[in-house]
Structures are given as structure tokens and as C-alpha cells.
Amino acid sequence: MRNISDIIERYLKGILHESPEGMIEIQRNDLADQFSCVPSQINYVISTRFTLEKGYLVESKRGGGGYVRIQRIELPAQSALHNHLHHSIGDEIGQTAAEGLIYQLEEARFLSKREAGLMRAAVSREVLMVKLPYRDQIRARMLKAMLISLLGK
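For clarity, every value in this text was computed on a predicted model and none was experimentally measured. (Residues numbered from 1 in each chain as written. Predicted model: local features only at pLDDT ≥ 70, side-chain atom pairs only at ≥ 80, totals over all residues. Heavy atoms only, no water.)

Draft legend 1. Here's a closer look at the environment of Arg120. Checked against the element boundaries, Arg120 lands in helix α6 (residues 113–122). For the pair Arg120 and Leu143, spaced 23 residues apart in sequence, the C-alpha to C-alpha distance is 9.3 Å. Those residues within four positions of Arg120 in sequence are excluded, and the remaining contacts are Glu99, Ile102, Tyr103 and Glu106. (Helix = DSSP H or I, 4+ residues; strand = E, 2+ residues; numbered from the N terminus. Contact = heavy atoms within 4.5 Å.)

What follows is the structure in C-alpha cells.
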């Protein structure tokens, strides 16, 4: 069975996918009650699985009438994708940002689950065992090369 964080993430992505605006507003406490968990569990899921690197914009307002607004950031059309990737990656990219970009491309179905897994493995700091800033520069070059190869149809 999946853990509660996976279930909450899947639920939020499901209602976000069905939202015509590509945005949802939720009440932390209501969601915590729905899943029989503490509100900090909801915060954890949102802060780790709905990040800007993964293609989400999150706005939070605390207090009695507080809410969390999650908005999906759409990738540009295929024709503008190469330019977007060049600017997103730049001359160097950290592991977290690289994994976020790979995740975003996988979510948008530009990459298969297998392709994304291979790319994450190739750009990990455990594989690229050189000192910074060289590691981030090598990671950027590798990521660009892999994406050009995969997306250059």
C-alpha cells in the first residue's frame, strides 16, 4: 500500500488535472481531516512534491480563512521547448533543479518513466563525482545532450 504522502499527492494532482483553470485552492485543515492526518503532513506534501522545479506554483495564506493555491505551470509548445530548456539549464545546473526539470518533462509526457529514470541516474552527484562548479557544468551539458537527443524529433 502507498503511504499517506503518495495518496495525498495523487489526490491533489487528480483534482488539479480536472480543474479547467489549471489551479486549485484547498484548505489545509479540511484536507487533513479528509485524510485523517495532521495539517503538517499536507504542508510536507505540498512543499516537497509541488515545487517550482517540478512545474507548480504554490501560494499559501495562513490564518482562519487561509488556503493553499496550487497552479500547474505548463511547458511551452514543442517548437519553443528547446529555447525554454536552454534558458532553464544554462551553463550549469544543480541536481535538484535538474531532477525538477526531468520530473516536469515526465509529467508533461515529453519523457517516459524509463527515460526520466535513466536521466536522473546519469545526472546524480553520486555518478558525477567531481568538484563544484565542474559537476554542475558537466550535468548541464549532459542534460542538454540527452534532451536534444530525446526531444529532437
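Back to the write-up after that little detour.
Draft legend 2. View of the side chain of Glu9. With respect to the helices and strands, Glu9 occurs in helix α1 (residues 4–18). By relative accessible area, Glu9 is classed as buried at 15%. Among residues more than four places away in sequence, those in contact with Glu9 are Val45, Arg49, Phe50 and Tyr103. (Buried < 20%, exposed > 50% of the residue type's maximum accessible area, 1.4 Å probe, protein only.)

Draft legend 3. Fine view of the sheet that holds strand β2 (residues 56–61). Ordered by their spatial adjacency, three strands build an open sheet running β1-β3-β2, and the pairing between neighbours is antiparallel. Looking at strand neighbours, the two that pair on one side only are β1 (23–26) and β2, the edges of this open sheet. Taken pair by pair, the neighbouring strands of this sheet meet at an average axis angle of 15°, ignoring direction. Where β2 and strand β3 (residues 67–72) come together, six bridges link them in antiparallel fashion. What sits directly across from Ser60, in β3, is Val68. The strands that α1 touches are β1, β2 and β3; relative to β1, the one it contacts most, it runs at about 130°. (Pairing = 2+ DSSP bridges. Axes fitted to C-alpha atoms, helices over the stretch in contact; angles between N-to-C directions.)

Draft legend 4. Highlighting helix α7 (residues 134–151). For α7, which comprises 18 residues, the first-to-last C-alpha distance of 25 Å matches the rise-based estimate of 26 Å (1.5 Å per residue) to within 8%. Residues Arg135, Asp136, Arg139, Ala140, Leu143, Lys144, Leu147 and Leu151 constitute the buried set of α7. Looking straight down α7, one finds that the buried residues subtend no more than 160° of arc, so they occupy a single side. What points out from α7, more than 90 degrees from its buried face, is the exposed set Tyr134, Arg141, Ile148 and Ser149. (Expected span 1.5 Å × (residues − 1). Arc of directions from axis to C-beta.)

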